[in-house]
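Notes for the structure review
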Amino acid sequence: MDETDSEILRLLEEDCRTPRSELAVMLGIGEDEVRRRVAVLEDEKIIRKYAAVVDREKAGTSIVSAIIELKVSPERDYGYDRIAERISRFPQVRSLRLMTGTYDLQLLVTGKNMQEVSRFVSEHIAPMDRIRETATIIIMKTYKENGNLYFERPEGERLPFSF
Amino acid sequence: MREFVSEKARVIPPSGIRKFFDIVLTMKDVISLGVGEPDFNTPWNVCEAGIYSIEQGNTAYTSNRGLQPLREAVARNLDQAYGIRYDPETEMIITTGVSEALDIAIRTIVDPGDEILVAQPCYVSYPPCVTLTGGKPVAVPCTEEDRFRLNPETLAERITKKTKGVIINFPNNPTGGVMAEGDLRAISDLVVDNDLVVISDEVYSELTYDSRHTAAASLPELRDRTITLNGFSKAYSMTGWRIGYLCAPQALCDAALKIHQYVMLCAPTIGQAAALEAMRSGEEEKNAMVAEYRVRRNLFVHGLNEIGLKCHTPEGAFYAFPSVKETGLSDVEFAERLLREQHVAVVPGSVFGEGGEGHVRCAYAVSRQNLSEALKRMGAFIESI
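Residues numbered from 1 in each chain as written. Chains lettered and ligands numbered in written order. Predicted model: local features only at pLDDT ≥ 70, side-chain atom pairs only at ≥ 80, totals over all residues.

Turning our attention to the overall build of chain A. Scanning chain A from N- to C-terminus turns up 6 helices and 6 strands. Listing every helix and strand of chain A by position from the N terminus yields α-α-α-α-β-α-β-β-α-β-β-β. Within chain A, the fraction of its 163 residues that count as buried is 15%. Expressed as a percentage of contacts within chain A between residues at least 6 apart in sequence, the contacts between residues at least 24 apart total 54%. (Helix = DSSP H or I, 4+ residues; strand = E, 2+ residues; numbered from the N terminus. Buried ≥ 20, exposed ≤ 12 C-beta atoms within 10 Å, placed from the backbone. Contact = placed C-beta atoms within 7 Å.)

If you want it as structure tokens, here you go:
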């Protein structure tokens, strides 16, 4: 990873569909070099995936998202790793993190509706061994996700000409 | 009634692009590359600092020189970034934008009849500000062949017994040209031998893409005969906050401070609070903006050359200055027809003085999306000529 790699990552994070030829012009390097660098970034799993950022509310395929916080008794030798690995297998779990603070694990869970989410938590997550306590927090509205705004903000005005 | 308007106010020319404004007002979908300011919003932490200063009731005048912590932060930054040392107590004034700094710098050094060399193409206010003091601006054209750097021979030819000083601006608006240390060395002998004072407007100093900026005052032989002007507008996207600064050896700075306190009193207090925050923690966002300008420059200059507008790669600021000579149109005709026919606004180079004719200034401080749309339209325009 050098400065050019960082620039490539920044540009792809902004728009992963930017053609390699355009990246080459932007960075002032050859197209072959861009391909080679991106291939390395992909091979090393620094680039995990190219995916669309979808505004579900606008798409009308309304889903319910909830943050689930868990208090977990860690396991000898494994700590939180094995239980986290188990929980992460559920497709309903969109993200999973180990946290400092009152709770240990934080999950982002999605479902078609509130019932589905609460059934998932009460039937699959809460009963697991080592889980001592759960808290379910329903997400009401998303304003910003992964650096992307989910609302229109008026742009400041500039004069059409200035020196 | 007799003529109330002074002769000086009468002789300075009006803005060269008034009619372009009028045309733009009749259109809806103009892409403007005519803007001399960043398109980024001021970093939010900087805005918050401004808001907080109002909430705290810090809405009174500051000292004439400006807030002490701000001057200290600027002095530290100038030392670290460019190796130039100014005493924040005696050699610095916070001003209302670089515009004010320029005005008081010129008034500080010019007596009626003095000739001031002005490296051109240049920001439009240098020659009129000299004229208003009773001085005589003398153009020193910088040409494309010299990559828009100041040529020592051209400079030497313009020096007379009346020459008092020289105004330079690198990285340059409108050409994007820069002067490296060696280029400055090449003119410093002339400056010293003829006992000239240098006014160096370095407001684009943070926006260089291929090498670090060299400050004129970093050359020891120039340090004590240079007035350094800089500010927050371009580097931190703070044009509307109106904060700049003037640094000079104490004797010059004392004189400039007298003028500043009579004509301006102090720079805006809210803006100074915001600028202090920019100095303290604006580095990361500034670097991100510079990286984005570099990407846009590469895209845009490549695109210009592809559609047949020859353009040298500008090494600083956020302007491309392509030649339109091969189209057979003058720069004014080119700009006017491009605006009327393809709704893209650029500024004719001739409004920036000698050396600018036959070029147009395109500011790439607009989104990449708008840049590529502008290129498409400019390509179509060139096809249609």
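Moving on, we come to the overall build of chain B. The helix and strand inventory of chain B stands at 14 helices and 12 strands. Rg of the C-alpha trace for chain B: 21 Å, near the compact-globule value of 21 Å for 385 residues, within the 12% margin. Counting all 385 residues of chain B, 50% fall into the buried class. Counted over contacts in chain B with a minimum sequence separation of 6, partners at least 24 positions apart contribute 76%. (Rg over C-alpha atoms; globule rule 2.2 N^0.38 Å.)

Right, let's get into the interface of chain B and chain A. Of the residues lining the interface, 20 residues belong to chain B; the matching set on chain A comes to 12 residues. Mapped by element, the contributors of at least two residues to the side of chain B that touches chain A are α2 (18-25) and α12 (283-306) of chain B. Of the residues forming the side of chain B that touches chain A, the biggest block, 5 residues, is contributed by α12 of chain B. Residue composition of the side of chain B that touches chain A, grouped by class: 13 nonpolar, 6 polar and 1 charged. (Nonpolar A, V, L, I, M, F, W, Y, C, P; charged D, E, K, R; others polar.)

Turning next to the domain arrangement of chain B. Residues and elements named next belong to chain B. Along its sequence, chain B is carved into domain 1 (7-42 + 284-384) and domain 2 (44-282). For domain 1 and domain 2, the distance between their C-alpha centroids amounts to 25 Å. Taken together, the contact between domain 1 and domain 2 spans 34 residues of the former and 38 residues of the latter. Of all the secondary-structure elements, those providing two or more residues to the side of domain 1 that touches domain 2 are α1 (7-11), α12 and β9 (319-320). In terms of residue count, the dominant contributor to the side of domain 1 that touches domain 2 is α12 (7 residues). Per-class residue counts for the side of domain 1 that touches domain 2 are 15 nonpolar, 10 polar and 9 charged. (Domains from an automatic or database assignment.)

This part covers the sheet that holds β9 of chain B. Within a sheet, adjacent strands bond to each other through the backbone by hydrogen bonds, running parallel or antiparallel. Residues and elements named next belong to chain B. What the 3 strands build is an open sheet, ordered β9-β12-β11; its pairing is antiparallel. Both edges of this open sheet fall to β9 and β11 (347-348), since each of them pairs with a single strand only. Here β9 pairs with strand β12 (residues 360-363) via 2 bridges, running antiparallel. Paired with Tyr-319 across the strands is Ala-363, a residue of β12. (Pairing = 2+ DSSP bridges.)

For the rest of this paragraph, the subject is the nonpolar core. Core analysis: the biggest nonpolar cluster contains 116 residues, and Ala-105 and Leu-246 of chain B have the highest contact counts within it. Two domains each put at least three residues into this core: domain 1 (7-42 + 284-384) and domain 2 (44-282) of chain B. One finds Val-109, Phe-120, Val-121 and Ile-125 of chain A within the second-largest nonpolar core, a separate group that totals 13 residues. (Core = buried A, V, L, I, M, F, W, Y, C linked by C-beta atoms within 7 Å.)

Time to look at the packing of helix α2 (residues 20-27) of chain A against α12 of chain B. Packing of α2 of chain A against α12 of chain B brings their axes to within 7 Å, and their N-to-C directions diverge by 110 degrees. Here α2 of chain A lies roughly perpendicular to α12 of chain B, going by the angle between them. Of α12 of chain B, the residues touching α2 of chain A (which contributes Val-25, Met-26 and Leu-27 of chain A) are Val-295, Asn-298, Leu-299 and His-302 of chain B. Among the residues making up the contact of α2 of chain A with α12 of chain B, the classes are represented as 5 nonpolar, 2 polar and no charged. (Axes fitted to C-alpha atoms, helices over the stretch in contact; angles between N-to-C directions. Parallel < 35°, antiparallel > 145°, perpendicular 65-115°, else oblique.)

Next up on the list: the environment of Asn-58 of chain B. Relative to the helices and strands, Asn-58 of chain B resides in the loop between α3 (44-55) and α4 (68-82). The spatial distance from the C-alpha of Asn-58 of chain B to the C-alpha of Ile-270 of chain B is 7.4 Å, given a sequence separation of 212 residues.

Residue and element names in this part refer to chain B. In this model α4 runs 21 Å from its N-terminal to its C-terminal C-alpha over 15 residues, within 8% of the 21 Å that 1.5 Å per residue would give. Those residues of α4 lying buried are Leu-70, Arg-71, Val-74, Ala-75 and Leu-78. Projected onto a plane normal to the axis of α4, the buried residues spread over an arc of 135 degrees and lie on a single side. Exposed side chains of α4 directed beyond 90 degrees from the buried face belong to Asp-79 and Gln-80. Following α4 by one or two positions, Gly-83 adopts a phi angle in the positive range, close to 65 degrees. (Expected span 1.5 Å × (residues − 1). Arc of directions from axis to C-beta.)

This part covers the environment of Ala-251 of chain B. Topologically, Ala-251 of chain B is positioned in helix α10 (residues 250-263). Placed 27 residues apart in sequence, Ala-251 of chain B and Asp-224 of chain B show a C-alpha to C-alpha distance of 9.8 Å.

Attention now moves to unusual backbone geometry. The omega torsion of the bond from Phe-170 of chain B to Pro-171 of chain B falls at -10 degrees, within 30 degrees of zero and hence cis. Among the structural elements, Pro-171 of chain B can be located in the loop between β5 (163-168) and α8 (181-193). Although it is not a glycine, Asn-146 of chain A sits at a positive phi angle of roughly 50 degrees. Look at Asn-146 of chain A and you get exposed, because 6 C-beta atoms sit within 10 Å.

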